[in-house]
Amino acid sequence: MKILVTGGAGLVGSHLCRKLIKQGHEVIAIDNLLTGSKRNIADLIDANNFTFIYNDVINPIDIQGLDQIYHLACAASPVQFTKNPLHTTKTSVIGTINALDLAKKNNAKILLSSTSEVYGDPLVHPQNENYWGNVNPVGPRACYDEGKRCAESICFDYHRAYGLDIRIIRIFNTYGPSMDPKDGRAISNFIIQALRNEDITVKGDGSQTRSFQYIDDLLVAIDKMMNNKKDFLGPVNLGNPSEFEIGELANIVLELIPESKSKIIYVDLPQDDPKRRKPDISLAKEKLNWEPRIKLADGLKPTIEYFKNFIEEEAYLNSEEISKSGVKPNWQIF
Ligand code: UDP
């Protein structure tokens, strides 16, 4: 099949492209590299069934012969999506209209990656897909939360108006190798801080909860969702229901990096930070026969390795000898 992945250089997109290429598909990745990175797709760039297009999904693009579109493009971490909120809204809304138009032109199936953020600061726990959420429509997170809610609504309008074959997934907190070190997420921050012996910044009193899903589990679910023959459109929650307090997460990370000299400190909680988040995945179990298998400690180990390598590579590239020589790794060149 000929498959487009928007956001193809991000955490989810790069792993997805790798999997689709291995399956023998012709894969085109689009990314504006705002939060995605060439480093994440450096091993794919020479594959003859892979094409990378540097483009922002806000700008329409014409590609022919597509069978499927995975529409993942959008900054997904609060630090990143609040940096340029208007761009976040445009990405979610205009970007999704552009992706849907492309799907319509090609008569392609399209999967939208939505988010647990559509539930806002939920008043129902755990969250199932019938819960309509508790989003502050004028708060700092609204650009993403409302943007994705609108993206879901547009997908269903294209389905109702044109019979477009759509799929919608709501991704809960996901982690793994290829996370953006600048994402400012709890997992990436805590690991980087622990590896650098810096203070671990727990926001608030650390009693807020999240449920963390390892990337490999998500990839299995995405495949099942896109390729299910049951015409199950979603939206469906994809996440790991094991719930952890953020303070607890900080301690788990420290236990996994025993050489760290870091101490936990408590800093201000951002506005509208959800207090509890845990997916009800009954629907995914029923419709997709899927549930996550990878435990937090098992997923954190390769993630820590990834950040260790990242920090070492960064130190190497910044070393005086290397910066003077002008040597660049291949991901900096293409
Ligand atoms: N968080 C934290 N320290 C950090 C980064 C995040 O305590 O250095 C908190 C954040 O305030 C939130 C939780 O960890 O309560 C999860 O944040 P993350 O950005 O990973 O995901 P999201 O808020 O999108 O669920």
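Above this note sits the structure.
Treat the numbers as computed from the prediction; the structure is a model and nothing was measured.

## Quick word on the overall build of the protein chain
Then comes step 1: When helices and strands are tallied, the protein chain shows 11 helices and 13 strands.
Then comes step 2: Relative to the globule expectation of 20 Å for 334 residues, the C-alpha radius of gyration of the protein chain, 20 Å, shows essentially globular dimensions.
Then comes step 3: Projected onto the principal axes, the alpha-carbon positions of the protein chain cover approximately 60 × 55 × 35 Å.
Then comes step 4: Looking at the protein chain residue by residue over its 334 residues, the buried ones come to 54%.
Then comes step 5: In the protein chain, of all internal contacts separated by at least 6 residues, the share reaching a separation of at least 24 is 80%.

## Section: the site of the ligand
Then comes step 1: Contacts to the ligand come from 18 residues, most closely from Thr-201, Lys-203, Arg-210, Asp-273 and Arg-277.
Then comes step 2: Within the contact set of the ligand, a nitrogen atom lies 2.6 Å away from a backbone nitrogen or oxygen of Thr-201.
Then comes step 3: One of the side-chain N or O atoms of Arg-210 is found 2.6 Å from an oxygen atom in the ligand.
Then comes step 4: Protein contact buries 97% of the 510 Å² of open area that the ligand shows by itself.
Then comes step 5: For the shell around the ligand, the elements supplying multiple residues, two or more each, are helix H5 (186-195) and strand E8 (200-203).
Then comes step 6: For the shell around the ligand, the per-class residue count stands at 6 nonpolar, 5 polar and 7 charged.

## Considerations on the packing of H5 against helix H9 (residues 296-318)
Two numbers describe a pair of packed helices, the interaxial angle and the distance between the axes.
Then comes step 1: Contact geometry of H5 with H9 gives a least axis separation of 10 Å together with a crossing angle of 60°. As far as their axial angle goes, H9 and H5 are oblique. Taken as a pair, H5 and H9 cross one another with a handedness that is right-handed. Counting all contacts with H5, which are made through Ile-187, Ser-188, Ile-191, Ile-192 and Leu-195, the residues of H9 involved are Leu-296, Leu-300, Thr-303, Ile-304, Phe-307, Lys-308 and Ile-311.
Then comes step 2: Residues that form the contact of H5 with H9 fall into these classes: 9 nonpolar, 2 polar and 1 charged.

## Notes on the packing of H5 against helix H7 (residues 246-256)
Then comes step 1: Close contact between H5 and H7 brings their axes to 10 Å; oriented N to C, the two are set at 40°. If you check the angle between H5 and H7, you find them oblique. The element H5 and its partner H7 pack so that their crossing is right-handed. Taking contact as the criterion, the partners of Ala-186, Ile-187, Phe-190, Ile-191 and Ala-194 in H5 are, on H7, Ile-246, Leu-249, Ala-250, Val-253 and Leu-254.
Then comes step 2: Here the residues of the contact of H5 with H7 are counted per class, giving 10 nonpolar, no polar and no charged.

## Considerations on H5
Then comes step 1: Most of H5 is tucked away: 7 of the 10 residues are buried.
Then comes step 2: Every buried residue belonging to H5 is among Ile-187, Ser-188, Phe-190, Ile-191, Ile-192, Gln-193 and Ala-194, and all of these are buried.

## Notes on the state of the cysteines
Then comes step 1: The tally for this structure, following the rule as stated, stands at 0 disulfides.
Then comes step 2: The thiol sulfur of Cys-143 is not disulfide-bonded, and the nearest other cysteine sulfur, from Cys-74, lies at 8.2 Å.
Then comes step 3: Since its relative accessible area comes to 8%, Cys-143 is described here as buried.
Then comes step 4: Take Cys-150: it sits in no disulfide, and the sulfur closest to it among the cysteines is that of Cys-155, at 9.7 Å.
Then comes step 5: Its relative accessible area of 29% is what places Cys-150 among the partly exposed residues.

## Structural notes on the sheet that holds strand E5 (residues 109-115)
Sheet strands line up and pair through hydrogen bonds in the backbone, either parallel or antiparallel.
Then comes step 1: Across the sheet, 7 strands lie side by side as E3-E2-E1-E4-E5-E6-E11; this open sheet has parallel pairing. Every interior strand has two partners, whereas the edge strands, strand E3 (50-54) and strand E11 (236-238), have only one. Here the strands of the sheet are splayed against their neighbours by 20° on average, with no regard to which way each runs.
Then comes step 2: In the sheet, strand E6 (residues 166-171) pairs with E11 via 3 bridges, with the strands oriented parallel. When the bridges of E11 are listed, Ile-169 appears paired with Val-236.

## Here's the deal with the environment of Ser-207
Then comes step 1: For Ser-207, the location among the structural elements is in the loop between E8 and strand E9 (209-211).
Then comes step 2: Relative accessible area serves as the criterion here: at 36%, Ser-207 is assigned to the partly exposed category.
Then comes step 3: On a C-alpha basis, the gap between Ser-207 and Thr-115 in space is 22 Å, while along the polypeptide they are 92 residues apart.
Then comes step 4: Polar side-chain contacts of Ser-207 include one of 2.7 Å to the side chain of Asp-205.

## Some details on the nonpolar core
Then comes step 1: Ranked by size, the top nonpolar core spans 59 residues in total, and within it Val-5, Phe-50, Tyr-70, Ile-187, Ile-222, Leu-238 and Leu-296 carry the most contacts.
Then comes step 2: When residues in this core are grouped by element, the largest group, 7 residues, is from helix H6 (residues 215-227).
Then comes step 3: Aside from chain neighbours lying at most four places away, what touches Tyr-70 is Ile-3, Leu-4, Val-5, Thr-6, Leu-16, Leu-20, Leu-111, Ile-222, Met-226 and Asn-227.
Then comes step 4: Grouped together as the second largest cluster of nonpolar side chains are 24 residues, Val-57, Ala-108, Ile-154 and Ile-168 included.

## What about the pairing of strand E2 (residues 26-31)?
Then comes step 1: The element E2 is extensively covered by neighbouring structure, given that 5 of its 6 residues are classed as buried.
Then comes step 2: Sheet analysis places strand E1 (residues 2-6) next to E2, joined by 5 bridges and oriented parallel. Bridge pairing in E2 places Thr-6 opposite Ile-30.
Then comes step 3: Crossover E1 to E2 through helix H1 (residues 11-22) is right-handed.
Then comes step 4: Taken together, the 5 bridges between E2 and E3 define a ladder with parallel strand orientation. Its bridge partner lying in E3, Ile-30 is registered against Ile-53.

The rules we used
- Residues numbered from 1 in each chain as written.
- Predicted model: local features only at pLDDT ≥ 70, side-chain atom pairs only at ≥ 80, totals over all residues.
- Heavy atoms only, no water.
- Helix = DSSP H or I, 4+ residues; strand = E, 2+ residues; numbered from the N terminus.
- Rg over C-alpha atoms; globule rule 2.2 N^0.38 Å.
- Buried < 20%, exposed > 50% of the residue type's maximum accessible area, 1.4 Å probe, protein only.
- Contact = heavy atoms within 4.5 Å.
- Near = heavy atom within 4 Å.
- Polar contact = N/O pair within 3.5 Å; in protein donor to acceptor, adjacent residues only side chain to side chain.
- Areas by Shrake-Rupley, 256 points an atom, 1.4 Å probe, with all protein chains shown as cover.
- Nonpolar A, V, L, I, M, F, W, Y, C, P; charged D, E, K, R; others polar.
- Axes fitted to C-alpha atoms, helices over the stretch in contact; angles between N-to-C directions.
- Parallel < 35°, antiparallel > 145°, perpendicular 65-115°, else oblique.
- Left-handed = near helix turned anticlockwise from the far one by under 90°.
- Disulfide = S-S within 2.5 Å.
- Pairing = 2+ DSSP bridges.
- Core = buried A, V, L, I, M, F, W, Y, C linked by side-chain atoms within 4.5 Å.
- Right-handed = clockwise from strand over helix to strand, strands pointing away.

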